[in-house]
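Understanding the architecture of this molecule
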Amino acid sequence: MRVYIIVAAVFWCGYVDSRKVRGISSSYKRFYRERKSFLCIDGSRMIPFEQVNDDYCDCEDGSDEPGTSACPRGRFYCTNLGFRPHYIPSSRVNDGICDCCDASDEYNSHARCQNTCWNLGQRERAYVEGQMRTLDEGLRLKQQLIEEGVLLWREKQAQLRELQQVAEDLQVKLEEHRRKKHEADRLKEQTLKALEAGDGGLIRHQNSSVASIFHLLDSNKDGSLTVDEIKAKVVLVHDEQRVLSEDEALALLDRGHRMDLSKFQSTLWDVLTRGDTVKIKDTQGAPGSLSSEDPHLKAADRAAEWEATNLKKVEEAYETVNMEISDLQKKLAIDYGTDWEFLFLNGQCYKLKVYEYTYTLCPFNQVTQKSTAGVEVSLGMWGMWTGKPKNHYSQMVYENGEPCWQGGSRSTTQGTRSRAATLHMQARLQILR
């Protein structure tokens, strides 16, 4: 009976329950189930199992001493029930300092460690819950911005189509007004040429009245023509540069020194109508000249000016609409995210004051820096998204700002400390990532 007891005792001492081996995680327990021997985890050596945690390092990888500080490369596993488990270097086991919140690393030291895992776990869980609420709020906001972005995108697309239709209509009107202006200019030119001809064909072409020609010649508007008025307004057809003599003027006045409208109609009017000897002097543009007095030329001139004004209005409207189309197309060409979630930022600006500078960030447009002295400097125009592939929309770059002193052009990278103007934007966008 005594022999049996001894054998049983030896057998029990050779068996080590893996649940009682200190410093191992549940995933490593399978390596500590041997009854007679222990194989170092790196496979370098086989040792008796009773040498596990005997405070002597037998394995090069320190796997035989997970619960002591014997091995320099060993690790001690803190279970930390109720909080986060983690490893510590084996050298910290029983060193008098509590490293594990469950105090398992100081099982054989003078240190009086309290188990603080539950309190730490509570704080950790509260923090995680807060983060989850923030994440939920962020996801809700992101979904809202996506929906708003989709609606805004559709509105801008519809606006673009409307502007393009307006541009097409204006193009038709533009061609029509160009044609009308061309016709008005051509009519004015024909009328002017007919006036410059100064012959009877001119008068008949313009349907000018006898009275209008009489009043044209009557410079002082006293109701009669004199020798001086005839010499001033009438010239020979074949010698326009020579001034009529007094005898020639008297002959045209039917040898009288004065001629009224009635006598003019029966004498000089016929001579001017024939246009074979004399004609009205070319005084184009002068006050009282035929070109300035003729009602038909005035009408043609007014018509030409009217068509020119109308054409200019349509051209300005057409140019304005095309500029709006170009601006809208540029905005629609920008990458606002996979679901247009950043579209709401277009048209907004954010300001941040840092010391004597005020930074203004207008997403998808520009970044500026303004000093207290009022000097504003461009830090860059919108360039592109430059985030890493896994988070492409995490970083913006603004390029080609004003040149630095003896250096290259300024630029701004959203999310870096080199440009304080980006910090406010970074915080604003953080919830969307």
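Summary of the structure given here. Model, not experiment: these values are computed from the prediction.

1. Quick notes on the overall build of the protein
Across its full length, the protein carries eleven helices and 14 strands. Counting across all 433 residues of the protein, residues that qualify as buried make up 36%. Taking the intrachain contacts of the protein between residues at least 6 apart in sequence as the baseline, contacts between residues at least 24 apart amount to 42%. Accessible area of the protein: about 26,600 Å², with a carbon and sulfur share of 52%.

2. Thoughts on unusual backbone geometry
Within the chain, N53 stands out as a residue other than glycine whose phi angle is a positive 55°. Mapped onto the elements of the fold, N53 is located in the loop between β2 (46–48) and β3 (75–78). A relative accessible area of 24% places N53 in the partly exposed class. The phi torsion at N94 lies on the positive side, around 55°, for a residue other than glycine. Inspection of the secondary structure puts N94 in the loop between β4 (86–89) and α2 (117–197).

3. Points about a nonpolar patch on the surface
A cluster of nonpolar side chains, namely Y127, V128, M132, L135 and L139, defines an oily patch on the protein surface of about 490 Å² accessible area. Structurally, M132 is set in helix α2.

4. Here's the deal with the nonpolar core
Within the largest apolar cluster, 31 residues are counted, with the highest numbers of intra-cluster contacts made by F364, W382 and W385. Put simply, the parts of the chain that give this core at least two residues each are α2, α10 (295–332), β10 (357–362), β12 (376–385) and β13 (396–399). Here the element with the most residues in this core is α2; it accounts for eight residues. With near-sequence residues (within four places) excluded, F364 lies in contact with I334, D335, Y336, F342, L345, N346, W382, W385, M396 and Y398. Counting 22 residues, the second-largest nonpolar core is a separate cluster that includes V227, L244, L250 and V271.

5. Concerning the state of the cysteines
For the structure shown, the criterion picks out six disulfides. At a sulfur-sulfur separation of 2.1 Å, the disulfide partner of C57 is C71. Looking along the S-S bond of the C57-C71 disulfide, the torsion reads about 110°, which is the right-handed sense. Of this pair, C57 sits in the loop between β2 and β3 while C71 sits in the loop between β2 and β3, and the two are 14 residues apart along the sequence. Between the sulfur of C78 and that of C100 lies a disulfide, 1.7 Å long from S to S. Measuring handedness by torsion sign, the sulfur bridge of C78 and C100 sits at about -45° and is left-handed. One end of the pair, C78, is in strand β3; the other, C100, is in the loop between β4 and α2, with 22 residues separating them in the sequence. For the residue pair C78 and C100, the accessibility class agrees, reading buried in each case. For the protein, the bonded cysteines connect in the pattern 1-3, 2-4, 5-7, 6-9, 8-10, 11-12 when numbered consecutively along the sequence.

6. Considerations on the packing of aromatic side chains
As enumerated under the stated definition, the model contains 16 aromatic pairs in all. With centroids separated by 5.2 Å and ring planes inclined at 80°, the aromatic side chains of W385 and Y393 adopt a geometry described as edge-to-face. The class of Y393 is buried, set by a relative accessible area of 17%. Three or more aromatic residues link up through ring pairs in this structure, and these residues are Y336, F342, F364, W382, W385, Y393 and Y398. A cation over a ring is seen here: R22 above Y107, with NZ or CZ 4.0 Å from the ring centre. Of note, R125 hangs over the ring of W118, and the distance from its end group to the ring centre comes to 4.9 Å.

7. Here we look at the environment of S224
Within the secondary structure layout, S224 lies in the loop between α4 (210–217) and β5 (225–226). Placed 34 residues apart in sequence, S224 and R258 show a C-alpha to C-alpha distance of 6.0 Å. Those residues within four positions of S224 in sequence are excluded, and the remaining contacts are F214, D218, E229, R258 and M259. There is a polar contact of 2.7 Å between the side chain of S224 and the side chain of R258.

8. Here's the deal with the pattern of salt bridges
Throughout the structure, instances matching the rule amount to 13 salt bridges. With a shortest N-O distance of 3.6 Å, K331 and D327 are connected by a salt bridge. With K331 and D327 both in helix α10 and four residues apart, the pair spans about one turn of that helix. By relative accessible area, K331 is classed as partly exposed at 29%. Residue class for D327 comes out partly exposed when judged on its relative accessible area of 40%.

9. A word on the side chain of D64
Looking at the secondary structure, you find D64 in the loop between β2 and β3. Buried within the structure, D64 lacks any salt-bridge partner; its nearest side chain of opposite charge belongs to R45, at an N-O separation of 7.1 Å. At a separation of 2.8 Å, a polar atom in the side chain of D64 contacts the main-chain amide nitrogen of D58. If we ignore the near neighbours within four places in the chain, the residues touching D64 are F38, I47, Q51, V52, N53, Y56, C57, D58, C59 and C71.

Rules used throughout
Residues numbered from 1 in each chain as written. Predicted model: local features only at pLDDT ≥ 70, side-chain atom pairs only at ≥ 80, totals over all residues. Heavy atoms only, no water. Helix = DSSP H or I, 4+ residues; strand = E, 2+ residues; numbered from the N terminus. Buried < 20%, exposed > 50% of the residue type's maximum accessible area, 1.4 Å probe, protein only. Contact = heavy atoms within 4.5 Å. Areas by Shrake-Rupley, 256 points an atom, 1.4 Å probe, with all protein chains shown as cover. Patch = residues over 30% accessible without salt bridge, like charges linked within 9 Å, V, L, I, M, F, W, Y side chains within 5 Å. Salt bridge = Lys/Arg side-chain N within 4 Å of Asp/Glu carboxyl O. Core = buried A, V, L, I, M, F, W, Y, C linked by side-chain atoms within 4.5 Å. Disulfide = S-S within 2.5 Å. Phe/Tyr/Trp six-rings, centres within 6.5 Å; stacked < 30°, edge-to-face > 60°. Lys NZ or Arg CZ within 6 Å of the ring centre and 35° of its normal. Polar contact = N/O pair within 3.5 Å; in protein donor to acceptor, adjacent residues only side chain to side chain. Lys, Arg positive; Asp, Glu negative; His and termini not counted.

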